[in-house]
Amino acid sequence: MASRTSNPLTHPDASELDLFRLMAAVTDPVRLGIVIKLAGSSEDIPCTDFALPVTKSAGTRHFRVLREAGVIHQHDVGVRRMSRLRSDDLEVRFPGLLKLILQEAAHFNHGDRQAS
């Protein structure tokens, strides 16, 4: 069995971030929850600290989608995979977008949206 460190983690360069890939990544409720938790922390967070409502393998896939879209940065510290939001890179590439996503998520989560 290959070690998880046998395949290096890939992260797109800030200049390569694609708006449509980023938006597709954050529209999933589980992934949006990850983004919200990371946005509320100034520290890197281990993946095991997220109480995701999915299996471990599905959680791994959600983190991978966010990483490959350039939303998060991950690195390994011992046996823990640490994650952080790429806030600065996102702000440079798409000014104001992350703030808007987080504001809309807060409105949606607090029931401030009217049913259509």
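Thresholds applied
Residues numbered from 1 in each chain as written. Predicted model: local features only at pLDDT ≥ 70, side-chain atom pairs only at ≥ 80, totals over all residues. Heavy atoms only, no water. Helix = DSSP H or I, 4+ residues; strand = E, 2+ residues; numbered from the N terminus. Buried < 20%, exposed > 50% of the residue type's maximum accessible area, 1.4 Å probe, protein only. Contact = heavy atoms within 4.5 Å. Areas by Shrake-Rupley, 256 points an atom, 1.4 Å probe, with all protein chains shown as cover. Core = buried A, V, L, I, M, F, W, Y, C linked by side-chain atoms within 4.5 Å. pLDDT = per-residue confidence, 0-100. Lys, Arg positive; Asp, Glu negative; His and termini not counted. Salt bridge = Lys/Arg side-chain N within 4 Å of Asp/Glu carboxyl O. Pairing = 2+ DSSP bridges.

Colleague: An account of the overall build of the protein is needed here, citing residue identities and associated values.
Modeller: Summing up its helical and strand segments, the protein has 5 helices and 3 strands in all. A burial count over the protein gives 31% of its 116 residues as buried. Long-range contacts, defined here as pairs at least 24 residues apart, represent 67% of the contacts in the protein between residues at least 6 apart. Surface summary for the protein: the accessible area is close to 7,500 Å², and the carbon and sulfur share equals 55%.

Colleague: Pulling in residues and values, what's your account of the environment of Arg-21?
Modeller: Examined against the element boundaries, Arg-21 turns out to sit in helix 1 (residues 19–26). Residue class for Arg-21 comes out partly exposed when judged on its relative accessible area of 45%. Separated by 44 residues in the primary sequence, Arg-21 and Val-65 place their C-alpha atoms 9.2 Å from one another. Sequence-distant contacts of Arg-21, that is, excluding residues within four places in its chain, are made with Glu-68 and Ala-69.

Colleague: Quick one: what's the story with the environment of Met-23, residue by residue and with numbers?
Modeller: Topologically, Met-23 is positioned in helix 1. Judged by its relative accessible area of 30%, Met-23 falls in the partly exposed class. When near neighbours in sequence (up to four residues on either side) are disregarded, Met-23 contacts Leu-97 and Ile-101.

Colleague: Account for the nonpolar core, naming residues and giving values.
Modeller: Inside soluble globular proteins, nonpolar side chains tend to come together where they are buried. Leu-22, Val-35, Leu-38, Leu-66, Val-71, Ile-72 and Leu-85 are the most contacted members of the largest nonpolar core, which totals 22 residues. Among the secondary structure elements, those contributing two or more residues to this core are helix 1, helix 2 (29–39), helix 3 (56–68) and helix 5 (97–109). Excluding residues that lie within four positions of it along the chain, Ile-72 makes contacts with His-11, Leu-38, Phe-63, Leu-66, Arg-67, Ser-83, Arg-84, Leu-85 and Arg-86.

Colleague: If you had to explain the confidence of the model for the protein to someone new, which residues and values would you point to?
Modeller: Per-residue pLDDT for the protein has a mean of 90; in total, 88% of the residues score no lower than 70. Ignoring residues within four places in sequence, the model shows residues 112–116, a span with pLDDT below 50, making 4 contacts including any to other chains.

Colleague: How would you sum up the side chain of Arg-31? Please name residues and give values.
Modeller: Secondary-structure assignment places Arg-31 in helix 2. Of the side chains bearing the opposite charge, Asp-28 lies closest to the buried Arg-31, which forms no salt bridge; the N-O distance is 4.4 Å. If near-sequence neighbours (up to four positions away) are discounted, Arg-31 is found in contact with Ala-24, Ala-25, Arg-61, His-62, Val-65 and Leu-66.

Colleague: Run through the pairing of strand 2 (residues 72–77), naming residues and quoting values.
Modeller: As judged from the 6 bridges shared by strand 2 and strand 3 (residues 80–85), these two strands associate in the antiparallel manner. Among the inter-strand pairings, Asp-76 is bridged to a residue of strand 3, identified as Arg-81. Where strand 2 hands over to strand 3, the hairpin turn is made up of 2 residues, of which Gly-78 adopts a positive phi near 65°.

Colleague: Quick one: what's the story with the pairing of strand 3, residue by residue and with numbers?
Modeller: As paired elements, strand 1 (residues 45–46) and strand 3 share 2 bridges and run antiparallel to each other. Following the sheet pairing, Pro-46 is matched in strand 3 by Met-82.

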